[in-house]
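Remarks on the overall topology
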Amino acid sequence: HWQPPLPAPVGRTFDEYLVESGGHGWPSFRDEEVNWDYVRVLPDGECVSITGTHLGHNLPDKKGNRYCINLVCVAGQPAEGQE
């Protein structure tokens, strides 16, 4: 059964998620909000799906890893039979 690669918010409120994301213009996800079964971070910081689709970049800040993701990359629908 399909699961989202970036289930958020986790460990914070939706408003906190919106404030952080709006502060720099990219949806931002923290370590606990990344489904590592589906997402990888390459040595250069690029975030990709396990099938190699570009998702965004890890841009760490004083709070730790911050994955800035282009939501167009993950705005699809589950594959047929994976609903």
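Below or above, wherever it landed, is the structure these notes cover. Along each chain, residues carry numbers from 1 onward, in the same order as the chain's sequence is written. A pLDDT threshold of at least 70 governs which residues receive local features in this predicted model, and a stricter bar of 80 or more applies before side-chain atom pairs are shown or counted, although totals over entire chains, interfaces and linings include all residues. Calculation of side-chain values draws on the structure's entire complement of heavy atoms; hydrogens and water are dropped beforehand.

Details of the packing of aromatic side chains
Short version of the rule: Each aromatic pair joins two rings of Phe, Tyr and Trp (for Trp, the six-membered one) with centres within 6.5 Å, and gets the label stacked for planes under 30 degrees apart, edge-to-face for over 60, and tilted for any other angle. Strands are runs of DSSP state E lasting at least two residues, helices are runs of H or I lasting at least four, and both sets are numbered from the N terminus onward. Relative accessible area decides the class of each residue, using a 1.4 Å probe on protein chains only: under 20% of the type maximum gives buried, over 50% gives exposed, and in between gives partly exposed.
Applying the stated criterion across every chain yields a total of three aromatic pairs. For the pair Phe14 and Tyr17, a centre-to-centre distance of 5.8 Å together with 35° between the ring planes defines the contact as tilted. Separated by three residues within a single helix, Phe14 and Tyr17 lie in helix α1 (residues 14–24), roughly one turn from each other. The exposure class of Phe14 is partly exposed, given its relative accessible area of 46%. Consider the rings of Trp36 and Tyr67, whose centres lie 5.6 Å apart with planes at 75°: the pair is edge-to-face.

Some words on the sheet that holds strand β1 (residues 28–29)
We count it as follows: In this description, strands pair whenever DSSP reports at least two bridges between them.
In space, the five strands of this open sheet follow the order β1-β5-β4-β3-β2, with antiparallel pairing throughout. Of all the strands in the sheet, the pair left with one neighbour each is β1 and β2 (39–41). Summarising the sheet, β1 and strand β5 (residues 67–69) pair through two bridges and their orientation is antiparallel. Paired with Ser28 across the strands is Cys68, a residue of β5.

Details of the pattern of salt bridges
Selection rule: We define a salt bridge as a side-chain nitrogen of Lys or Arg found within 4 Å of a carboxyl oxygen belonging to Asp or Glu.
Applying the stated criterion across every chain, the model contains five salt bridges. In this structure, Glu20 and Arg12 form a salt bridge, with 2.6 Å as the shortest nitrogen-oxygen distance. The pair Glu20 / Arg12 is uniform in exposure class, with both members buried. In this structure, Glu20 engages Arg30 in a salt bridge whose closest nitrogen and oxygen atoms are separated by 2.3 Å. Here Glu20, found in helix α1, pairs with Arg30, found in the loop between β1 and β2; they are 10 residues apart in sequence, far enough to count as distant.

Some points on the pairing of strand β4 (residues 54–58)
Both faces of the sheet carry side chains from a regular strand, because those side chains alternate between them. As judged from the three bridges shared by strand β3 (residues 46–49) and β4, these two strands associate in the antiparallel manner. Residue pairing for β4: Cys47 is matched across the bridge by Gly56. Between β3 and β4, which pair antiparallel and follow one another directly, the connecting turn spans four residues, one of which, Gly52, has a positive phi of 95°. Relative to β5, β4 runs antiparallel, the two sharing three bridges. Residue pairing for β5: Asn58 is matched across the bridge by Tyr67.

Some details on the pairing of β3
In β3, alternate side chains face the same way, and those of Glu46 and Val48 on one face and Cys47 and Ser49 on the other are all buried. Pairing of β2 with β3, which is carried by three bridges, proceeds in the antiparallel orientation. Paired with Val41 across the bridge in β3 is Cys47. As consecutive antiparallel partners, β2 and β3 are separated by four residues, and within that stretch Gly45 has a phi angle of approximately 95°, a positive value.

Distances and angles like these do not, on their own, reveal function.
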